[in-house]
Amino acid sequence: MRKVNNKSDRLFEESKKYMPGGVNSPVRAFYAVHRNPVFIDSAKGSKIYDVDGNEYLDYVCSWGPGILGHARVEVIEAVQKACEKGLTFGAPTENEYILAELVQGLMPSMEMLRLVNSGTEAVMSAIRAARGYTGRDKIIKFRGCYHGHSDGLLVKAGSGALTQSVPDSLGVPKDYTKNTLVAEYNDLQSVERLFEECDGEIAAIIAEPVAANMGVVLPKEGFLKGLRQIADKYGSLLIFDEVITGFRLAPGGAQEYFGVTPDITALGKIIGGGMPMAAYGGKREIMEMVAPLGGVYQAGTLSGNPVAAAAGIATLRILKEQPDIYAKIGEQTKKLADTAKKCMGDKVRVNQIESLMSIFFCEGEVVDYESAAASDTEQYAKYFNYMFEQGIYLAPSQFEAMFISFAHSDEDIERTCKAMERF
Ligand code: HOZ
């Protein structure tokens with residue numbers, strides 16, 4: 001039986017005095033599931049523990065970075081070792097080079113890359129590089145895809161923007177979004193139409209190769225290849241936002257998984273092994289336009305931070321050396337998906353790919369923003385709350401993904417399946 005969260009509730013009330021909504025990222029406030037969040041004290045493997053001593057089986061995994069599970073020994077030791085040498089120098093370090101080489105080896109399309117601190121920063125910089133390289137201003141994004149909270153990308157965005165029903169943010173001047181064109185996910189014609197209307201003006205198409213911020217929405221057969229062809233036809237670039245899919249679908253991310261090569265890739269989450277780290281990179285000739293080599297400016301005091309790089313290196317090495325990890329977590333996730341389909345039947349649609357999954361409470365296929373938004377979010381809230389009371393911590397929003405880690409044991413999966421059946 002879950003203990004009443006006295007301390008969590010108290011901390012939440014106190015936090016609200018100092019931070020908007022008491023949190024540092026909106027979805028964490030649990031608004032969409034109509035309850036107070038719990039405050040987390042610690043985590044290990046597949047479990048997280050709140051400040052009131054409750055244990056939860058964690059399917060948020062810090063929204064993606066935790067592919068190996070929490071506090072994996074090799075990662076913690078690498079971080080401790082790096083800390084002892086100093087936390088930040090604002091100067092080049094060996095760790096940055098090692099991480100960059102590792103990433104390049106896993107994702108060969110990233111011939112050169114730049115380390116930054118967050119997915120938002122990676123995507124924002126990737127777009128700047130695309131614009132600098134092509135000399136064009138417009139970009140195409142997809143409705144319901146989320147690419148961080150930079151001004152030009154908060155247009156029909158997913159994730160927290162969709163959860164809080166704020167499709168476009170206040171405080172973003174119209175002038176900043178006038179170059180952001182919106183197409184429909186899985187609809188190549190909507191992309192082609194924009195190119196016909198704005199031929200010669202579009203720098204890049206940016207896509208989550210698997211959309212995972214309106215819940216998980218898979219690309220239809222041929223969609224990603226089609227984007228590649230359209231971009232080539234119009235002399236535009238293709239940017240994959242692999243902040244979620246990078247190192248998750250396969251060691252080489254969605255681009256390896258689907259066999260479609262983007263010109264630029266943005267990475268975050270797993271690349272930092274739980275520490276703030278992200279990257280963008282791509283074709284050499286594009287990346288050579290980034291300062292100090294070229295005129296596309298981008299910089300950062302903590303970029304390539306040696307402690308975060310150490311966590312990233314330790315994580316990516318494990319993923320590289322043990323590729324069977326992917327088969328295992330893919331199988332575990334499929335068991336969850338099959339159980340959800342079996343016990344909730346035609347009341348739900350389950351989208352799953354490798355270790356990413358979403359249960360939508362609707363009848364039709366979920367293939368784009370419109371069909372994702374048709375999900376009964378109140379039913380999702382009921383499902384979340386039921387599972388939560390069973391000690392199972394799911395994303396507190398219909399429009400975030402469920403993440404499975406290598407630390408989830410057969411017993412964990414079994415327990416989750418049983419809870420789903422009871423629900
Ligand atoms: N927007 C993030 C997930 N797509 C949520 C980040 C967080 O709240 O930690």
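Fair warning: this is a prediction, and the values are worked out from it, not measured in the lab. (Residues numbered from 1 in each chain as written. Predicted model: local features only at pLDDT ≥ 70, side-chain atom pairs only at ≥ 80, totals over all residues. Heavy atoms only, no water.)

Caption draft 1: How the structure looks around the side chain of Ser397. Turning to its location among the elements, Ser397 is positioned in the loop between strand E13 (392-393) and strand E14 (402-403). Judged by relative accessible area, Ser397 falls into the buried class, the value being 1%. Here Phe399 takes part through its backbone nitrogen, which lies 2.9 Å from a polar atom of the side chain of Ser397. (Helix = DSSP H or I, 4+ residues; strand = E, 2+ residues; numbered from the N terminus. Buried < 20%, exposed > 50% of the residue type's maximum accessible area, 1.4 Å probe, protein only. Polar contact = N/O pair within 3.5 Å; in protein donor to acceptor, adjacent residues only side chain to side chain.)

Caption draft 2: Structural context of the pairing of strand E8 (residues 237-241). Among the 5 residues that make up E8, 5 are buried, leaving the element largely enclosed by the rest of the structure. Judged by which residues are buried, E8 turns out to be covered on both faces: Leu237, Ile239 and Asp241 on one side and Leu238 and Phe240 on the other are all buried. With 4 bridges joining them, strand E7 (residues 202-207) and E8 adopt parallel strand pairing. Across the sheet, the residue bridging to Ala207 is Phe240, located in E8. In the classification by handedness, the crossover that spans E7, the intervening helix H8 (residues 223-233) and the parallel E8 is right-handed. Sheet topology places E8 next to strand E9 (residues 264-267); 3 bridges connect them, and they run parallel. Paired with Ile239 across the strands is Ile264, a residue of E9. Note on the crossover from E8 through helix H9 (residues 253-258) to E9: the handedness is right-handed. (Pairing = 2+ DSSP bridges. Right-handed = clockwise from strand over helix to strand, strands pointing away.)

Caption draft 3: Quick look at the site of the ligand. Residues in close proximity to the ligand include Ser25, Arg28, Trp63, Ser159, Asn213 and Glu400, which together make up its full environment. At a separation of 2.8 Å, a nitrogen atom of the ligand approaches a polar side-chain atom of Asn213. Of the residues in the shell around the ligand, the class split is 1 nonpolar, 3 polar and 2 charged. (Near = heavy atom within 4 Å. Nonpolar A, V, L, I, M, F, W, Y, C, P; charged D, E, K, R; others polar.)

Caption draft 4: Main features of the packing of helix H12 (residues 324-344) against helix H15 (residues 410-422). The contact between H12 and H15 brings their axes to 9 Å, and the two run at 15°. Classified by the interaxial angle, the pair formed by H12 and H15 is roughly parallel. The hand of the H12/H15 crossing is right-handed. On the side of H12, the interface is formed by Lys328, Gln332, Lys335, Leu336, Thr339, Ala340, Cys343 and Met344, while H15 contributes Asp410, Ile413, Thr416, Cys417, Met420 and Glu421. Residue composition of the contact of H12 with H15, grouped by class: 7 nonpolar, 3 polar and 4 charged. (Axes fitted to C-alpha atoms, helices over the stretch in contact; angles between N-to-C directions. Parallel < 35°, antiparallel > 145°, perpendicular 65-115°, else oblique. Left-handed = near helix turned anticlockwise from the far one by under 90°. Contact = heavy atoms within 4.5 Å.)

Caption draft 5: Layout of the sheet that holds E13. Spatially, 4 strands are ordered E1-E2-E3-E13 in an open sheet, and the strand pairing comes out mixed. Edge positions in the sheet fall to strand E1 (40-44) and E13, since each of these pairs with one other strand and no more. Note: strand E3 (residues 55-58) against E13, 2 bridges, orientation parallel. Paired with Leu57 across the bridge in E13 is Ile392.

Caption draft 6: Layout of the side chain of Thr120. Summarising the element assignment, Thr120 is placed in helix H4 (residues 119-134). What Thr120 contacts, discounting residues up to four positions off in sequence, is His147, Gly148, His149 and Ser150.

Caption draft 7: Main features of the pattern of salt bridges. Following the criterion strictly, the structure yields 15 salt bridges and no others. Across the salt bridge formed by Lys17 and Glu14, the nearest N and O atoms sit 3.1 Å from each other. Of the two residues, Lys17 and Glu14 are both situated in helix H1 (residues 6-18); the distance of 3 residues between them amounts to about one turn of the helix. What makes Lys17 exposed here is its relative accessible area of 56%. Across the salt bridge formed by Glu414 and Lys418, the nearest N and O atoms sit 3.3 Å from each other. Here Lys418 and Glu414 lie together in helix H15, a separation of 4 residues that amounts to about one turn. Accessibility expressed as a relative area gives 42% for Lys418, which makes it partly exposed. Through salt bridges that share partners, Arg228, Asp232, Asp263 and Lys283 make up one connected network. (Salt bridge = Lys/Arg side-chain N within 4 Å of Asp/Glu carboxyl O.)

Purely geometric stuff here, so don't read any function into it on its own.
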